[in-house]
Amino acid sequence: MSLMNVIVCVKQIPDPAAPGALDGATNTLKRDGKLILDDSDAYGVEMALQLVDKAGGGEVALISMAPNGETAGLRTALAMGAAKGVLISDPALQGSDALTTAKILAAAVQRLGGADLIIGATESSDGYTGTVPEQMAELLGLPSVTFAKKVSVEGGALKVDRQTEAGYDEVTCALPALISVTAGVVEPRYPSFKGIMAAKSKPVEEVTAADLNVTPVGWAGAGQKISNVTQAEARQAGEVIEDDGETFGKIVGFLENLKVI
Amino acid sequence: MALNNIWVFAQAANGAPTSATLELLTKARSLSSNVTAFIAGSGAEAAVLGEYGATAVLAVEIGKSLPGVAIASALKSVIDGGNTPDLIMFPQNTEGRDIMSRLSVKLDKTVLTNNIDIADSGDGVTVQTPIFGGNTLVSTTFTGAGPYLAAFRPKSFAAESAGGAAAAVTAVAVPDLGATGSAQVVAVHVEETTGPKLDEANIVVAGGRGLGEASSYAMVEELATLLKGAPGASRAIVDAGWVPYSYQVGQTGKVVKPTIYIAAGISGATQHMVGMKGSKNIIAINKDKEAPIFGVADLGIVGDVHKVLPQIIAALKAR
């Protein structure tokens, strides 16, 4: 294969370093502040760039669903080297479940004319439902390999080391296909200054759910409703002491008290 | 709606159903007297599945296919044949997630994942999900008609034998998967571990980025061995390649509830906390006194793991 076109699903999320909060009215995650590229997706973007590079041609396109026309996270991925993006931003999408999200993203893949490979993360860092990539594969009629921790393309087919509970499986798969990649699959590059400048003029098409012909969406399309939110009983913090060179004795004593030594 | 027909995704390792499987069967039989386990393979585990509450087993020979697409397609054929479950329960793991994802599209039904409990109030089926590292519990109710698809975190329920008879096994063929079936497993690699299994150990000693470098993990392993426990790890050092994924404790790794959890050089990211907060006793050693891990620790030492761990190891060896 001389050309390789890859689409990467990227999520723009609230800064994970800031404490998360729920919207009081809807009980959904607050996503109204500044959003950034989910770290989990930086691996997929890097993987895509490397595969296109190895193939000797092609391009990396991004798709993202986010409120308020947010593109900050997309620009980060464009600065890494992706060529273009499609942003689905639509107030009607608020409250959408994972299945509706997958339908939207699958429709965006089709709007881009498909690709040889579609990449997602194993799960997002904010909602971590972890089903969207595999749902997209089913919607698009594609084979899929989830939890990919090593990926290469040889002779027009995918070779993947797929993480399992006990170790890993070697999996082969024809293209086109969809994979979800684990964190650590590759080392994401930092955008260069040149990349950041170039990203500003790369095309990002903004579309709505209606543009993609996906209905129903939002709360209407979700087969679920949030019925209650409570605070869990907090675990009480115990004794915290500064090490003075002798605190190991405290730990040994703690273990003795529990009769494990 | 009443839950008259519940299906549970069963898995086996080394010929025996996994603990997550037995936990889900135990919960399922408390909700319905009609519980079907579906499993990859020939259904050789029917005796134990029946003992824990399954009244029927659907066995799907998947060959070298990945379970997600193969089992979901087989289940869809059963449902199309007129046997429609009200609820399908999955363990929150790789294969459970893949099957429920494929099935959710085939059935056009929502999925609810990362749950720790489920209840049927008579006018709605509600699952409970911890968010923000377990500080907040969200209850979500399925709307519309089933089948409802829900995945549960390991150790959400206690596994208890019901003393049931072996369940009757029905073989279900995988329909032609077309292009979606092209992913094939060509080799299986099992990473060797010694000592107790991480998610079953009475004591877990886990290391994180505070260890500074991969070679320092040897201290964690040595202490775990001395305590007859299992070594564990934060996602950060698994991602960094210091230890295999099978060591990972947290959201994307194992859920552990040991008698004692020792966190060495782990700051306590949300991702990690959800996997270990249920431990009976937590000891934390970390240089940063602001680290969130101290908020859940019964004993916290603000100090350098490179000093404290060798001292503990030496003290235990001297006994």
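Residues numbered from 1 in each chain as written. Chains lettered and ligands numbered in written order. Predicted model: local features only at pLDDT ≥ 70, side-chain atom pairs only at ≥ 80, totals over all residues. Heavy atoms only, no water.

### What to know about the overall build of chain A
Next, step 1: What chain A contains, in helices and strands, is seven helices and 13 strands.
Next, step 2: Across its three principal directions, the C-alpha atoms of chain A cover 65 × 45 × 40 Å.
Next, step 3: Taken over 261 residues, chain A has a buried fraction of 50%.
Next, step 4: Counting only carbon and sulfur atoms, one obtains 50% of the accessible surface of chain A, whose full area is about 11,400 Å². (Helix = DSSP H or I, 4+ residues; strand = E, 2+ residues; numbered from the N terminus. Buried < 20%, exposed > 50% of the residue type's maximum accessible area, 1.4 Å probe, protein only. Areas by Shrake-Rupley, 256 points an atom, 1.4 Å probe, with all protein chains shown as cover.)

### Comments concerning the overall build of chain B
Next, step 1: Scanning chain B for helices and strands turns up eight helices and 18 strands.
Next, step 2: For chain B, whose C-alpha radius of gyration is 21 Å, the value lies close to the compact-globule estimate of 20 Å for 319 residues.
Next, step 3: With the principal axes as the frame, chain B shows a C-alpha extent of 65 × 45 × 40 Å.
Next, step 4: Within the span of chain B, comprising 319 residues, buried residues form 58% of the whole.
Next, step 5: Counting contacts in chain B only where the partners sit at least 6 residues apart, residues at least 24 apart contribute 63% of the total.
Next, step 6: Of the roughly 11,500 Å² of accessible surface on chain B, a fraction of 51% belongs to carbon and sulfur atoms. (Rg over C-alpha atoms; globule rule 2.2 N^0.38 Å. Contact = heavy atoms within 4.5 Å.)

### Let's talk about the sheet that holds strand β5 (residues 56–60) of chain B
Residue and element names in this part refer to chain B.
Next, step 1: The seven strands lie next to each other as β7-β11-β6-β1-β4-β5-β12, forming an open sheet whose pairing is parallel. Each edge of the sheet is formed by a strand with only one pairing partner; in this case those strands are β7 (111–115) and β12 (168–172). When strand polarity is set aside, the average angle formed by the axes of neighbouring strands in this sheet is 25 degrees.
Next, step 2: Across five bridges, the pairing between strand β4 (residues 35–40) and β5 is parallel. Note on β5: the bridge partner recorded for Ala37 is Val57.
Next, step 3: Across the sheet, helix α4 (residues 94–107) lies against β1 (6–9), β4, β6 (87–91), β7 and β11 (148–152), angled at about 150 degrees from β6, the strand it touches most. (Pairing = 2+ DSSP bridges. Axes fitted to C-alpha atoms, helices over the stretch in contact; angles between N-to-C directions.)

### Notes on the environment of Ala98 of chain A
Next, step 1: Tracing the backbone shows Ala98 of chain A in helix α3 (residues 98–111).
Next, step 2: Taking the C-alpha atoms as reference points, Ala98 of chain A and Thr172 of chain A, 74 residues apart in sequence, are found 27 Å from one another.
Next, step 3: Sequence-distant contacts of Ala98 of chain A, that is, excluding residues within four places in its chain, are made with Thr129, Thr131, Val132 and Gln135 of chain A together with Val111 of chain B.

### Overview of the domain arrangement of chain B
Residue and element names in this part refer to chain B.
Next, step 1: Parsing chain B into structural domains produces domain 1 (6–182) and domain 2 (203–318).
Next, step 2: Computed from C-alpha coordinates alone, the two centres of domain 1 and domain 2 are separated by 32 Å.
Next, step 3: Taken together, the contact between domain 1 and domain 2 spans eight residues of the former and seven residues of the latter.
Next, step 4: Looking at the side of domain 1 facing domain 2, the largest losses of area belong to Gly133, Arg153 and Lys155, adding up to 69% of the total buried there. (Domains from an automatic or database assignment. Buried area = accessible area lost by both parts, 1.4 Å probe.)

### Digging into the nonpolar core
Next, step 1: Within the largest apolar cluster, 53 residues are counted, with the highest numbers of intra-cluster contacts made by Ile63, Ile88, Ile118 and Met136 of chain A together with Phe38 and Phe90 of chain B.
Next, step 2: Formed by 45 residues, the second largest nonpolar core is a distinct cluster that contains Val45, Leu62, Ile179 and Val186 of chain A. (Core = buried A, V, L, I, M, F, W, Y, C linked by side-chain atoms within 4.5 Å.)

### What to know about unusual backbone geometry
All names here are of chain A.
Next, step 1: The peptide bond linking Leu175 to Pro176 adopts the cis configuration, its omega dihedral lying at 0 degrees.
Next, step 2: Within the secondary structure, Pro176 is located in the loop between β9 (167–174) and β10 (177–181).
Next, step 3: Of note, the bond from Thr215 into Pro216 is cis; its omega dihedral lies within 30 degrees of zero at -10 degrees.
Next, step 4: Mapping Pro216 onto the fold places it in the loop between β11 (204–207) and α6 (218–221).

### Examining a nonpolar patch on the surface
Next, step 1: Together, Phe193, Ile196 and Met197 of chain A line one region of the surface with nonpolar side chains, adding up to about 320 Å² of accessible area.
Next, step 2: Here Phe193 of chain A is to be found in helix α5 (residues 193–199). (Patch = residues over 30% accessible without salt bridge, like charges linked within 9 Å, V, L, I, M, F, W, Y side chains within 5 Å. Salt bridge = Lys/Arg side-chain N within 4 Å of Asp/Glu carboxyl O.)

### Concerning the confidence of the model for chain B
Next, step 1: In the predicted model, chain B carries a mean pLDDT of 94, and the fraction of residues at 70 or more is 100%.
Next, step 2: The ipTM for the predicted assembly is 0.92, set against a pTM of 0.91. (pLDDT = per-residue confidence, 0-100.)

### Here we look at the sheet that holds β11 of chain A
What holds strands together in a sheet is hydrogen bonding between their backbones, with the strands either parallel or antiparallel.
Next, step 1: A sheet is described by the order of its strands in space; here 10 strands give the open sequence β11(A)-β5(A)-β4(A)-β1(A)-β6(A)-β10(A)-β7(A)-β8(A)-β9(A)-β13(B), paired in mixed fashion. Edge positions in the sheet fall to β11 of chain A together with β13 (184–190) of chain B, since each has one partner strand and no second. Across the sheet, the axes of successive neighbouring strands diverge by a mean angle of 25 degrees, strand direction being ignored.
Next, step 2: As defined by bridge partners, strand β7 (residues 144–154) of chain A adjoins strand β8 (residues 157–163) of chain A across six bridges and the pair is classed as antiparallel. From the neighbouring strand, Glu154 of chain A faces β8 of chain A, where its bridge partner is Ala157 of chain A.
Next, step 3: The strands that α4 of chain B touches are β7 and β8 of chain A; relative to β7 of chain A, the one it contacts most, it runs at about 95 degrees.

### Here we look at the pattern of salt bridges
Next, step 1: Taken as a whole and assessed by the stated rule, the structure comprises 20 salt bridges over all chains.
Next, step 2: Here Asp126 of chain A makes a salt bridge to Lys11 of chain A, at a shortest N to O gap of 2.9 Å. Taken together, the positions of Asp126 of chain A in the loop between β6 (117–121) and α4 (132–140) and Lys11 of chain A in the loop between β1 (6–9) and β2 (12–14) put the pair 115 residues apart, joining distant regions of the chain.
Next, step 3: Overall, Asp126 of chain A belongs to the buried group, its relative accessible area being 15%.
Next, step 4: Arg235 of chain A serves as the salt-bridge partner of Asp298 of chain B, at 3.0 Å between the closest nitrogen and oxygen. Here Asp298 of chain B is found in the loop between β17 (281–286) and β18 (299–302), whereas its partner Arg235 of chain A is found in the loop between β12 (224–231) and β13 (239–242) on a different chain.
Next, step 5: Look at the salt bridges and you will find they share partners, linking Glu134 and Glu138 of chain A together with Arg102 and Lys106 of chain B into a network.

### Concerning the packing of α4 of chain A against α4 of chain B
Next, step 1: Between α4 of chain A and α4 of chain B, the least distance of the axes is 8 Å, while the angle of their chain directions is 40 degrees. Classified by the interaxial angle, the pair formed by α4 of chain A and α4 of chain B is oblique. Seen along the crossing, α4 of chain A lies across α4 of chain B with a hand that is right-handed. Counting all contacts with α4 of chain A, which are made through Glu134, Gln135, Ala137, Glu138 and Leu139 of chain A, the residues of α4 of chain B involved are Asp98, Ser101, Arg102, Ser104, Val105 and Lys106 of chain B. (Parallel < 35°, antiparallel > 145°, perpendicular 65-115°, else oblique. Left-handed = near helix turned anticlockwise from the far one by under 90°.)

### Details of the interface of chain A and chain B
Next, step 1: If you look at the interface, chain A gives 75 residues, while chain B gives 84 residues.
Next, step 2: In total, about 6,900 Å² of surface goes out of reach between chain A and chain B, with carbon and sulfur atoms giving 54% of it.
Next, step 3: For the pair chain A and chain B, the number of links is nine salt bridges.
Next, step 4: Here Asp98 of chain B and Arg162 of chain A are joined by a salt bridge, their closest N and O atoms 3.0 Å apart.
Next, step 5: Linking chain A to chain B there are 47 residue pairs in polar contact (both at pLDDT 80 or more).
Next, step 6: The pairing of β12 of chain A with strand β10 (residues 136–142) of chain B spans seven bridges and is classified as antiparallel. If you follow Ile226 of chain A over to β10 of chain B, its bridge partner there is Thr140 of chain B. (Polar contact = N/O pair within 3.5 Å; in protein donor to acceptor, adjacent residues only side chain to side chain.)

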